[in-house]
Amino acid sequence: MAENDDIPFNRDFQLKPGIVEQVRPGVRRVLCDNPSPFTFTGTVSYIVGQGKVAIIDPGPDHEAHAAALLDAVRGETVTHILVTHTHRDHSPNTARIKAATGATVYAEGPHRASRPRFESEKHNPESGADREFKPDVALRHGDIVEGSGFRLEAVATPGHTANHLAFAWPERNLSFVGDHVMGWSTSIVAPPDGSMIDYMASLERLAGRAEGLYFSGHGPEIPEGPRYVRFLIKHRQAREASILHRLAKGEADIPTMVRAIYIGIDPRLTTAAGYSVLAHLEDLVGRGVVATDGDPVIGGTYRLAS
């Protein structure tokens, strides 16, 4: 989100929308034409296998992208559709692909928040949740999805959303990590949709796994994935330290903290930055490090707990 020297971001991603690119044996990718400050150049869908294939993250409600995916698998059979999470840039096109192919849809489950919404909270418009989505098969951590020439393991990675999954392919030493880890930017963790406590635990889970190459929901692949995840963990710890440093000067609301912490941020990302700070504050309040009156909400004022 904000530029950060401590994470080796890579924003070099030349793939053009609708082009099919073979990136590894048994892995193709197609970019959707939905660029934005939140999606970078657009959502990347993956085709796994050959002949009988799986499609991972069919993308937003986007007819041209669905046509490009179906074109890419012409003469092949789509047996599986896998969805990492239910944000509107990842799951809505599932209905089109399923209608065209009859493939079975696998995901953790329908969209849900990471925690109940507080009374004082308004709906967070940035969450962009796909509330229509329901998988045919609900996956739990460790479940195996097997097809012709591929064997993918569901890895629970909640945090960006409560139902986020990565799909590991241990035999190929790679993992499809959705929006949990991205090479071009940090992920947005916006309560109540997301949870910083869950997000940090999921980073640790990925860092402890053997898969080295990550394919992300946006932007280029990430070599040395576990090493990169360590940078992300350090970055979030530094962000938490910045929040505590600001609160050491006296109580503050979230906009004040965003101005102090996110220097030179793209103005279009200010709201998202506020929710990211809120995610850290929820965690800090839960641990008794920071105090606030009432629930930890976006409009609250925060201080160091005495």
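Our structure is the block above this text.
Residues numbered from 1 in each chain as written. Predicted model: local features only at pLDDT ≥ 70, side-chain atom pairs only at ≥ 80, totals over all residues. Heavy atoms only, no water.

1. A closer look at the overall build of the chain
Applicable threshold: Numbering of helices and strands runs from the N terminus, with a helix taken as a DSSP run of H or I at least four residues long and a strand as a DSSP run of E at least two residues long. Each radius of gyration reported is based on C-alpha atoms, and the globular scaling rule is 2.2 Å times the count of residues to the power 0.38. Relative accessibility thresholds used throughout: buried, under 20% of the residue-type maximum; exposed, over 50%; partly exposed, between the two (1.4 Å probe, protein chains only). Contacts: residue pairs with any heavy atoms within 4.5 Å of one another. The protein chains shown are the only cover counted for residues, whose accessible areas, like all others here, come from Shrake-Rupley with a 1.4 Å probe.
Across its full length, the chain carries six helices and 15 strands. For 306 residues, the compact-globule estimate of 2.2 N^0.38 gives 19 Å, and the C-alpha radius of gyration of the chain, at 19 Å, lies within 12% of that figure. Considering only C-alpha atoms, the chain reaches an extent of 65 × 35 × 35 Å along its principal axes. Residue burial in the chain is summarised as follows: out of 306 residues, 57% are buried. In the chain, the proportion of contacts linking residues at least 24 apart, taken out of those at least 6 apart, comes to 63%. When the accessible surface of the chain is summed, it comes to about 12800 Å², and 51% of that surface belongs to carbon and sulfur atoms.

2. Concerning the pairing of strand β1 (residues 20-24)
So the rule is basically this: Two strands qualify as a pair provided that DSSP identifies no fewer than 2 bridges between them.
Sheet topology note: the β1/strand β2 (residues 27-31) ladder contains four bridges and is antiparallel. Each residue of the ladder has a partner; that of Gln-22, found in β2, is Arg-28.

3. Concerning helix α1 (residues 63-72)
The following threshold applies: The directions from the helix axis to the C-beta atoms form the arc being described.
Of all the positions in α1, only His-65, Ala-66, Ala-68, Leu-69 and Ala-72 are classed as buried. Here the buried residues of α1 occupy an arc of 160° about the axis, which is enough to place them on one side. The outward face of α1, more than 90 degrees from its buried face, is lined by the exposed residues Glu-63 and Ala-64. Buried residues in α1 make contact with β1, β2, β3 (44-50), β4 (52-56) and α2 (94-101).

4. Describing the packing of aromatic side chains
For clarity, the threshold we go by: Classification of ring pairs rests on two measures: the distance between centres of Phe, Tyr or Trp rings, Trp counted by its six-membered ring, which must be within 6.5 Å, and the angle between planes, read as stacked under 30 degrees, edge-to-face over 60 and tilted in between. Charge over a ring is defined by NZ of Lys or CZ of Arg lying within 6 Å of the ring centre and within 35 degrees of the ring normal.
Counted under the stated rule, the structure contains four aromatic pairs. Each member of the aromatic cluster is reached from another via a ring pair, and the members are Tyr-46, Phe-176 and Phe-215. Above the ring of Phe-118, the side-chain terminus of Arg-115 is found at 4.0 Å from the ring centroid. Against the face of Phe-231 rests Lys-234, its NZ or CZ located 5.6 Å from the ring centre.

5. Section: the sheet that holds strand β11 (residues 174-178)
Here is the rule we go by: An axis is simply a line fitted to the C-alpha atoms; with a helix, the fit covers only the stretch in contact. Between two such axes, the angle follows the N-to-C directions and lies from 0 to 180 degrees.
Ordered by their spatial adjacency, five strands build an open sheet running β8-β9-β10-β11-β12, and the pairing between neighbours is mixed. Both edges of this open sheet fall to β8 (144-147) and β12 (213-216), since each of them pairs with a single strand only. The average angle at which neighbouring strand axes cross in this sheet is 25°, direction not considered. The strands touched by helix α3 (residues 196-207) within the sheet are β9 (150-156), β11 and β12, with β9 carrying the most contacts at an inclination of about 145°.

6. Focus on the pattern of salt bridges
Operational definition: We define a salt bridge as a side-chain nitrogen of Lys or Arg found within 4 Å of a carboxyl oxygen belonging to Asp or Glu.
Per the counting criterion, the structure on display carries 17 salt bridges. One salt bridge connects Arg-74 with Asp-71, and the closest N-O pair in it is separated by 2.8 Å. We classify Asp-71 as partly exposed; its relative accessible area is 44%. For the salt bridge of Arg-115 with Glu-282, the shortest nitrogen-to-oxygen distance reads 2.5 Å. Of this pair, Arg-115 sits in the loop between β6 (104-107) and β7 (137-138) while Glu-282 is found in helix α6 (residues 270-286), placing the two residues 167 residues apart along the sequence. Among the charged side chains, a network of salt bridges with common partners joins Glu-21, Arg-29 and Glu-221.

7. Remarks on the pairing of strand β15 (residues 301-304)
Sheet topology places strand β13 (residues 252-253) next to β15; two bridges connect them, and they run antiparallel. Across the sheet, the residue bridging to Ala-252 is Tyr-302, located in β15. Relative to β15, strand β14 (residues 290-292) runs antiparallel, the two sharing three bridges. Counterpart to Thr-292 in the pairing with β15 is Tyr-302.

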